[in-house]
Amino acid sequence: MFAKKRILFIAEEMSPYLELTEYAQIVHQLAVKANEAGMEVRVIMPRFGVINERRHRLHEVVRLSGINIIIDNDDYPLIIKVASLPNARLQVYFLDNEDFFKRKFVFHDEEGNFFEDNALRAVFFCKGALETVKKFGWPPDIIHLNGWMSSLIPLYLKTAYKKEPVFSPTKVIYSVTNDTFEGSLHSSFAKKAAISQQIKSKDLALYKEGTHLALNRGAMAYADALAIGAAKLSKPLMEELKKHQDKPILPFCSDDEQLKQYLQLYEELTVESVK
């Protein structure tokens, strides 16, 4: 008997918890469809302060909490909460930290200013997600990423986490979505992102500018497959996608047939990893 395929979604947004772009609903649909297809599905996302804990019935997972995430020699406590996706038997894990995610805004303050610590928040989320998977002891066959906040994960899996047994079967799909911020992350981004001695400056070169385009450029380069995460991507992102015609590229999910293409790719990539 074949073991169930394990699919992990790591996303900055997902319906009904947070909707920043049209892709939030697609992440929801993909998770449910994969679950209904007999795959073992889990979701990890940030516990932004705009997510209502009481309404969505989040509660802390004490056995998983207590991890400290070290970034640039500083320790940040990671709190892990969980909720069950309504009308589906799958769990969504929320990564929380008092300093990074309690504020009642996502990426910008009430005056529209981009948070200065968004670079640190992104590094915390990416490293925190991978440390959470290690704590699960649950080897994902596929990690499907959505949103620039997850963009460092393909790099981390090819460098800092390359020898971690829990990730040995893992293939990565990155969904390319349109800008959710202008300008660039703090100038300390590359320094903060180098979470391990195994990550060299050349590995971070594509990301270094810290713009939305640069983050997507880096993620596209290190991912095993790509997905178009908007009905109409910006021209610069489409130009970057054209550089990766050697990889599977999935269309924007606009109907049930295209959802099936995603599930088919999950199966195909996991077969490849066994060969």
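In every chain, residue numbers begin from 1 and rise along the written sequence. In keeping with the model being predicted, local features are shown solely for residues with a pLDDT of at least 70 and side-chain atom pairs are shown and tallied solely at 80 or more, while totals for entire chains, interfaces and linings include all residues. Only hydrogens and water are set aside when side-chain values are computed; all heavy atoms of the structure are taken into account.

Novice: For this particular structure, what's the right way to read the overall build of the protein?
Specialist: From N to C terminus, the protein includes 9 helices and 10 strands. Dimensions of the protein along its principal axes, counting C-alpha atoms only, are 45 × 45 × 35 Å. Split into buried and exposed, the 275 residues of the protein put 56% on the buried side. Using the Shrake-Rupley algorithm and a 1.4 Å probe, accessible areas are obtained, with residue cover drawn only from the displayed protein chains. Surface accessibility of the protein: about 12,700 Å² in total, with carbon and sulfur atoms responsible for 48%. We count Lys and Arg on the positive side and Asp and Glu on the negative side, and we leave His and both chain ends out. By convention, the point assigned to a charge is CZ for Arg, NZ for Lys, CD for Glu and CG for Asp. Between the mean site of the 36 positive side-chain charges and the mean site of the 36 negative ones, the protein shows a separation of 5 Å. Helical segments are the DSSP runs of H or I of at least four residues, strand segments are the runs of E of at least two, and each set is numbered from the N terminus. Relative accessibility thresholds used throughout: buried, under 20% of the residue-type maximum; exposed, over 50%; partly exposed, between the two (1.4 Å probe, protein chains only).

Novice: It is not clear to me how the pattern of salt bridges should be interpreted in this structure. Could you clarify?
Specialist: A side chain of one charge can pair with a side chain of the opposite charge if their charged atoms are brought near each other. The term salt bridge refers to a side-chain nitrogen of Lys or Arg lying within 4 Å of a carboxyl oxygen of Asp or Glu. According to the stated counting rule, one finds 18 salt bridges in the structure shown. Across the pair Arg47 and Glu53 runs a salt bridge, and its minimum N-O distance is 3.2 Å. When its relative accessible area of 4% is taken as the criterion, Arg47 is described as buried. Among the residues examined, Glu53 registers a relative accessible area of 25% and is labelled partly exposed. The residue Asp72 makes a salt bridge to Lys192 at a minimum N-O spacing of 3.3 Å. Highlighted residues: Asp72 in the loop between strand E4 (67-71) and strand E5 (74-84) and Lys192 in helix H6 (residues 189-193), separated in sequence by 120 residues.

Novice: I would appreciate a short explanation of the UniProt feature "domain: Starch synthase catalytic" (unreviewed entry) in the protein in the present structure.
Specialist: UniProt positions are given in the numbering used here, feature names are shortened, and annotations may be inferred rather than shown by experiment. Feature annotation in UniProt assigns "domain: Starch synthase catalytic" (unreviewed entry) to the following positions: residues 6-226. Between the first and last C-alpha atoms of residues 6-226 the distance is 18 Å; the span itself is 29% helix and 23% strand.

Novice: Looking at this model, I keep getting lost on unusual backbone geometry. Mind explaining?
Specialist: Across the chain, the bulk of peptide bonds are trans and the bulk of non-glycine residues have phi less than zero. The linkage connecting Ser15 with the following residue, Pro16, adopts the cis geometry, with an omega of 5 degrees. Relative to the assigned elements, Pro16 resides in the loop between strand E1 (6-11) and helix H1 (23-36). The backbone of Arg57 shows a phi angle near 60 degrees, a positive value even though the residue is not glycine. Structurally, Arg57 can be placed in the loop between helix H2 (53-56) and strand E3 (59-60). Among the residues examined, Arg57 registers a relative accessible area of 69% and is labelled exposed. Even without being a glycine, Asn73 presents a positive backbone phi close to 70 degrees. Following the sequence through the fold, Asn73 ends up in the loop between E4 and E5.

Novice: Would you mind showing me how to read the packing of aromatic side chains here?
Specialist: Each pair of aromatic rings is reported with the distance of its centres and the angle of its planes. Ring pairs are drawn from Phe, Tyr and Trp, using the six-membered ring of Trp, whenever the two centres fall within 6.5 Å, and their geometry is named by plane angle: stacked under 30 degrees, edge-to-face over 60, tilted for the rest. Taken as a whole and judged by the stated rule, the model has 15 aromatic pairs. Consider the rings of Tyr17 and Phe94, whose centres lie 5.1 Å apart with planes at 80 degrees: the pair is edge-to-face. With Tyr17 in the loop between E1 and H1 and Phe94 in strand E6 (residues 91-96), the pair connects residues that are 77 residues apart, well separated along the chain. Given a relative accessible area of 5%, Tyr17 falls into the buried group. Look at Phe94 and you get buried, because its relative accessible area is 0%. Plain terms: the ring middles of Phe100 and Phe101 are 6.3 Å apart, the flat faces sit at 75 degrees to each other, and that makes the pair edge-to-face. Classification of Phe100 as buried rests on a relative accessible area of 3%. Look at Phe101 and you get buried, because its relative accessible area is 1%. We note Arg42 situated over the ring of Phe136; from NZ or CZ to the ring centre the distance is 4.7 Å. For a Lys NZ or an Arg CZ to count as sitting over a ring, it must be within 6 Å of the ring centre and within 35 degrees of the ring normal. Geometry around Phe115 places Arg103 over its ring, the cationic atom sitting 4.5 Å from the centre.

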